[in-house]
Amino acid sequence: MSNPTMPKHVAIIMDGNGRWAKKKGMLRTIGHKYGVESVRTSVRFCRAQKIQSLTMFAFSSENWLRPPTEVRTLMELFHFVLGKEVKKLHKNDVRLRVIGDTSRFDSRLVAKIAEAEELTRNNQSLNLNIAANYGGKWEVVNACQSIIEKCKAGEMSPNELTEEMFFQQTTLADQDEVDLLIRTGGDMRVSNFLLWHIAYAELYFTETLWPDFGENEFMSAIEEFSSRQRRYGRIAEQVDDN
């Protein structure tokens, strides 16, 4: 039985790699490599706490605007991580999925993503979703386009559309909506991340830069989440009665 005070689905905006590196006199790009260890730590933590889904913002659709050297480093890092980490994820019963518009990636990376998703597709201990070339607005538009096509094909009519039907066209339709959104690095915004899925999420912001985000910081976020009363439009007394 799941713990009612434990989130089922956690999403993380992994921010601060570049600033972490600059503080240490390193190139910004080096910070992304150190950030990979925090990803490993977060995956281990979620498995240990029996959290069902972890969605991590690795590369937004706006990140293409960053310096070309940094974009190249991130693409190379995707290649490296997919090559090195997928077998470990599979061994630990983690299902990997990449969400976002992968059409802009090179064919070799697209093939690696497909192989990784196929290898891990039946794993059940944790859903690990990596958002790459992802934007929340892109996802909403993508879902709308899918619904329009269904209407054109006569599979549904516009006046039949419900929130649940819309949700079924999103990238994470087979998973619970996000309970807890964590953002590291000090900024307090959602940056076009999972706009549909975080409608009722609890938000947790920390000054900690991503490479320094370890199990203790993750547990602090969980404890803060557990202390909050989630009312979903009701008043406190109604929640207490339930």
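Up top is the structure these notes are about.
Let us look at the structure shown here. (Residues numbered from 1 in each chain as written. Predicted model: local features only at pLDDT ≥ 70, side-chain atom pairs only at ≥ 80, totals over all residues. Heavy atoms only, no water.)

### Comments concerning the pairing of strand 5 (residues 180-183)
And step 1. Every second residue of strand 5 is oriented toward a common face, with Leu-180 and Ile-182 on one face and Leu-181 and Arg-183 on the other, all of them buried.
And step 2. Strand direction decides the pairing type here: strand 1 (residues 9-13) and strand 5, joined by four bridges, are parallel. For Ile-13, the partnering residue across the bridge sits in strand 5 and is Arg-183.
And step 3. Here strand 5 pairs with strand 6 (residues 202-205) via four bridges, running parallel. Looking at strand 6, one finds that Leu-181 is bridged to Leu-203. (Buried < 20%, exposed > 50% of the residue type's maximum accessible area, 1.4 Å probe, protein only. Helix = DSSP H or I, 4+ residues; strand = E, 2+ residues; numbered from the N terminus. Pairing = 2+ DSSP bridges.)

### Looking at the packing of helix 3 (residues 68-91) against helix 4 (residues 107-120)
Packed helix pairs are specified by the crossing angle of their axes together with the interaxial distance, meaning the distance between the axes.
And step 1. Helix 4 packs onto helix 3 with a crossing angle of 15 degrees between their chain directions and a minimal axis gap of 10 Å. When the interaxial angle is binned, helix 3 and helix 4 end up roughly parallel. In the crossing of helix 3 with helix 4, the sense of the turn from one axis to the other is left-handed. Residue-level contacts link Met-75, Phe-78, His-79, Leu-82, Val-86 and His-90 of helix 3 to Arg-108, Leu-109, Lys-112, Ile-113, Ala-116, Leu-119 and Thr-120 of helix 4.
And step 2. Split into classes, the residues belonging to the contact of helix 3 with helix 4 amount to eight nonpolar, three polar and two charged. (Axes fitted to C-alpha atoms, helices over the stretch in contact; angles between N-to-C directions. Parallel < 35°, antiparallel > 145°, perpendicular 65-115°, else oblique. Left-handed = near helix turned anticlockwise from the far one by under 90°. Contact = heavy atoms within 4.5 Å. Nonpolar A, V, L, I, M, F, W, Y, C, P; charged D, E, K, R; others polar.)

### Comments concerning the pattern of salt bridges
And step 1. Evaluation of the coordinates by the stated rule reveals 16 salt bridges.
And step 2. Glu-85 is the partner of Arg-40 in a salt bridge, and the nearest nitrogen-oxygen pair spans 2.7 Å. One end of the pair, Arg-40, is in helix 2 (residues 28-48); the other, Glu-85, is in helix 3, with 45 residues separating them in the sequence.
And step 3. The class for Arg-40 is partly exposed, based on a relative accessible area of 23%.
And step 4. Given a relative accessible area of 9%, Glu-85 falls into the buried group.
And step 5. Of the charged contacts in the structure, one is a salt bridge between Arg-228 and Glu-224, with a shortest N-O distance of 3.1 Å.
And step 6. Among the residues examined, Arg-228 registers a relative accessible area of 27% and is labelled partly exposed.
And step 7. Given a relative accessible area of 32%, Glu-224 falls into the partly exposed group.
And step 8. Overlapping salt bridges, with partners in common, bring together Asp-15, Arg-19, Arg-183, Asp-187 and Arg-189 in one network. (Salt bridge = Lys/Arg side-chain N within 4 Å of Asp/Glu carboxyl O.)

### Considerations on the sheet that holds strand 5
And step 1. Within the open sheet, the six strands sit side by side as 3-4-2-1-5-6. Their pairing is parallel. Each edge of the sheet is formed by a strand with only one pairing partner; in this case those strands are strand 3 (94-99) and strand 6. Between one strand axis and the next, the sheet turns by 20 degrees as a mean value, whatever way the strands run.
And step 2. Looking at chain direction, strand 2 (residues 53-60) and strand 4 (residues 126-134) are connected through seven bridges and run parallel. Note that in strand 4 the partner of Phe-57 across the bridge is Ala-131.

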